[in-house]
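Structure assessment
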Amino acid sequence: MKVHRHRIISVAAMLVAACREPAEPDPVAQQLDSLRAVTTAYQSFAAAKAAGYEVKITECMADAQGAMGFHYGKGALIDANVSALEPEVMMYEPHSNGELKLVGVEYVVPLSEWTSATPPQLYGQTFQRNEMFQVWALHAWIWKDNPQGVFASWNPNVSCGASASQTRASHVGG
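As the structure is a computational prediction, the values presented were derived from the model and not from experiment.

Let us now look at the pairing of strand β1 (residues 55-63). A regular strand places its side chains on the two faces of the sheet in alternate fashion. The pairing of β1 with strand β2 (residues 66-73) spans 6 bridges and is antiparallel. Its bridge partner being in β2, D63 is matched across the sheet by G66. Connecting β1 to the next strand, β2, in antiparallel fashion are 2 residues.

Have a look at this one:
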């Protein structure tokens, strides 16, 4: 009986000690929190347009793997530079009431402007080459959960069903 009680006390002591140790902050999670903070205003599509995200790059993009929504870009940002807090594109999911809901962002660098032998990287992720649009691209699903991961190309939780216009074509990542 003493041995059993001793084990319980030892396990309890380890659990208490583990709870006291501060968890290491996740730098990517912190960066994504900062990205959410700077894009919060763009939940309003009108605010995004007023801030320069007015170039409609695609119709609502859907694929067998999910959807991405409409892509609206800020032309002044589409160059060889990548800035974590200045994504080039906002992605919006259409809703049946006609509103567009911000679901994520996309970073893009034109293939013609990227001179490095290796693809651009951000958040520890390598951009994917997109021949269709002639860009390096990285998605970040910061406003709608993606079971495939924050940086996956397609999001099965996004739908173009409420859109009158859809593009069913391959984009980044298949």
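Moving on, we come to the state of the cysteines. Throughout the structure, instances matching the rule amount to 1 disulfide. The side chain of C60 participates in a disulfide bridge whose partner is C160; the two sulfur atoms lie 2.0 Å from each other. On the S-S bond that ties C60 to C160, the torsion sits near -85°, and the link is left-handed. One end of the pair, C60, is in strand β1; the other, C160, is in the loop between β8 (135-140) and β9 (166-167), with 100 residues separating them in the sequence. With respect to class, C60 is no different from C160; both count as buried.

Criteria and cut-off values
- Residues numbered from 1 in each chain as written.
- Predicted model: local features only at pLDDT ≥ 70, side-chain atom pairs only at ≥ 80, totals over all residues.
- Heavy atoms only, no water.
- Pairing = 2+ DSSP bridges.
- Helix = DSSP H or I, 4+ residues; strand = E, 2+ residues; numbered from the N terminus.
- Disulfide = S-S within 2.5 Å.
- Buried < 20%, exposed > 50% of the residue type's maximum accessible area, 1.4 Å probe, protein only.

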